[in-house]
Amino acid sequence: MDFNHEKSRAMWPRAAKVMPLGVSSNFRYWGDEDTLFVEKAKGPYLWDIDGNRFIDYRLGFGPIILGHAYDEVDVRVREALANGVTYAFTQPLEVSVAEKIVAMCPAVEMVRLTNTGSEAVMHALRVARAYTGREKIIKFEGQYDGMCDYVLFSTYTDPKSYGNRRSPIPVPSTSGIPRCLHDLIITLPFNDFEIFETTVRRTWHEVAAVLVEPMLGNCAAIEPLPGWLELLREKCTEYGIVLIFDEVKTGFRIARGGAQEVYGVLPDLATYAKALGNGYPVAAFGGKREIMEVVGVGVACGGTYAANAVGVNAAAATLELLQNQPILETIAERGRRLQAGLKRIFDDAGIPAVICGHPAMFSPVIGLSEKPTDQRSWARSDHNYYLRLVRAAYARGVMPDYDPREPWFMSYSHSDEVVDETLNVMEDVVRAVKR
Ligand SMILES: Cc1ncc(COP(=O)(O)O)c(C=O)c1O
């Protein structure tokens, strides 16, 4: 990278001695030479330990909806700390947070709090299996639902390994997944109406859940085609399958009620994390009363840190702000301007590009003239050029993720001035980096 990151470079060997790859999450490893270490973050900015300041569009992979170190949330958390953090009891504020989630998310009648999105997904799958008495899960290629072994298939692998789209091969994203779990997952291309219908007609009696990221937040924010989510809803109802929306990225970000509000399709269960706590570790899963009520009746769900006071206070403060102020509307307005500005920059440079997703989380996809509809069509985009652009943007202080599948995330702290500064940088970058 052509900016000074000597201190990060010196830190990495030390980190790598005691942590595999020198990080706590594989996604943070950018190479032995290029893995950055962070000093602090505030508002829309992040500073590395070399003192470089970046306008942050990674936002911790999406949780930061208000801005880093957002005072109104942090004050609430700080005050709560004086009263202890983990009680092995329920606190009244937890009930208020559950009430807020139920009020905001149209499909959610009952909810349980967890700490991470992975945990929320794991619990939702168990509930779906317990409710239906079936074991298999259908999920879609390019979708990532966390580190849970059951669904860590066909996420970020090269789609060439997925086989023919009529008979897709579920490809494990990691070693260490037991062989027997390979038999419990069916992976399908997103937005493929015909293949979904034929698969469900053939397998429904074994399928507990269809798990879908309603917008592919882990594959360039690919949007559902009109009728796609409706089809999933219709077939799940017809065959008694639990429809689960993984709203870990979309929830409390693209609308107060997430994707289910935006697209007007209600799942049976939904999972949340990220924007729910503006970066504090808090997550949730919830949905129809009839399904959620299996929890506790022969169905396990719990955790030592579930609904700890830090997460609960962060969620209470974040949801209160999102409910009462036009925060998401403002983010969307600025995001639209950023999307339009980026599109114009690519157009002016004669570079084919489409912008996928929602103004609060979107991806420029370069080299395609039509929006991709699944991971297979997205894979034909020009990743190498995107990576070169992103590296040049880092040198000028703008930081989207280097992985082209990871959307640009907006926060309320990304003001109009920040958007303008970003567009100026990107204009220079696109001019300087020839395709
Ligand atoms: C859609 C989706 N589901 C689940 C997860 C897992 O969440 P966590 O990293 O909090 O375990 C993620 C994480 O990026 C995600 O994007």
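Up top you'll find the structure we're talking about.
Here's a quick rundown of the structure.

Cut-offs applied
- Residues numbered from 1 in each chain as written.
- Predicted model: local features only at pLDDT ≥ 70, side-chain atom pairs only at ≥ 80, totals over all residues.
- Buried ≥ 20, exposed ≤ 12 C-beta atoms within 10 Å, placed from the backbone.
- Helix = DSSP H or I, 4+ residues; strand = E, 2+ residues; numbered from the N terminus.
- Pairing = 2+ DSSP bridges.
- Expected span 1.5 Å × (residues − 1).
- Near = placed C-beta within 6 Å.
- Nonpolar A, V, L, I, M, F, W, Y, C, P; charged D, E, K, R; others polar.
- Contact = placed C-beta atoms within 7 Å.
- Axes fitted to C-alpha atoms, helices over the stretch in contact; angles between N-to-C directions.
- Parallel < 35°, antiparallel > 145°, perpendicular 65-115°, else oblique.
- Left-handed = near helix turned anticlockwise from the far one by under 90°.
- Core = buried A, V, L, I, M, F, W, Y, C linked by C-beta atoms within 7 Å.
- Domains from an automatic or database assignment.

Brief notes about the pairing of strand β11 (residues 353-358)
(1) Moving on: Counting buried positions along β11 gives five out of six residues, so the element sits mostly inside the fold.
(2) Moving on: The sheet contact formed by β11 and strand β12 (residues 361-366) spans six bridges and is antiparallel. The residue bridging H358 from the neighbouring strand is M361, located in β12.
(3) Moving on: Turn length for the β11-β12 hairpin, with the two strands adjacent in sequence and antiparallel, is two residues.

Notes on helix α4 (residues 117-132)
(1) Moving on: An ideal rise of 1.5 Å per residue puts 22 Å on 16 residues; α4 measures up with 22 Å between its terminal C-alpha atoms.
(2) Moving on: Counting buried positions over the 16 residues of α4 gives 14, a clear majority of the element.
(3) Moving on: Backbone geometry just after α4 places G133 at a positive phi near 70°.

A look at the site of the ligand
(1) Moving on: Contacts to the ligand come from 15 residues, most closely from T116, G117, S118, G146 and V248.
(2) Moving on: Counting residues per element, the shell around the ligand draws most heavily on α4, which supplies three residues.
(3) Moving on: When the residues that make up the shell around the ligand are grouped by side-chain class, the tally is five nonpolar, six polar and four charged.

A word on the sheet that holds β11
(1) Moving on: The antiparallel open sheet is built from three strands, whose spatial order is β11-β12-β14. Each edge of the sheet is formed by a strand with only one pairing partner; in this case those strands are β11 and β14 (408-409).
(2) Moving on: Alignment of β12 against β14, held across two bridges, turns out to be antiparallel. When the sheet's bridge partners are listed, M361 is paired in β14 with F409.
(3) Moving on: Where helix α11 (residues 327-348) meets the sheet, it contacts β11 and β12, and its direction lies at approximately 170° from that of β11.

Considering the packing of α11 against helix α14 (residues 416-432)
(1) Moving on: Relative orientation of the contacting elements α11 and α14 amounts to 15°, with a least axis distance of 10 Å. By the angle class used here, α11 and α14 are roughly parallel. Between α11 and α14 the crossing geometry is right-handed. Of α14, the residues touching α11 (which contributes R334, R337, L338, G341, L342, I345 and F346) are D416, V419, T422, L423, M426, E427 and V430.
(2) Moving on: Class assignment of the residues belonging to the contact of α11 with α14 gives a composition of eight nonpolar, two polar and four charged.

Let's talk about the pairing of strand β1 (residues 38-42)
(1) Moving on: Two elements, β1 and strand β2 (residues 45-48), share four bridges in a ladder whose sense is antiparallel. Along β2, the bridge assignment pairs V38 with D48.

Things to note about the nonpolar core
Burial of nonpolar side chains together is a common tendency in soluble globular proteins.
(1) Moving on: One finds A128, I137, A209, V210, V242 and I244 to be the most contacted residues of the largest nonpolar core, which totals 124 residues.
(2) Moving on: Here this core spans two domains, and each of domain 1 (6-69 + 326-432) and domain 2 (71-324) adds at least three residues to it.
(3) Moving on: Those residues in contact with I137 that sit more than four places away from it in its chain are L125, Y150, V151, L184, I185, A208, A209 and L211.

Everything listed here is a matter of coordinates, which is why it stays silent on function.
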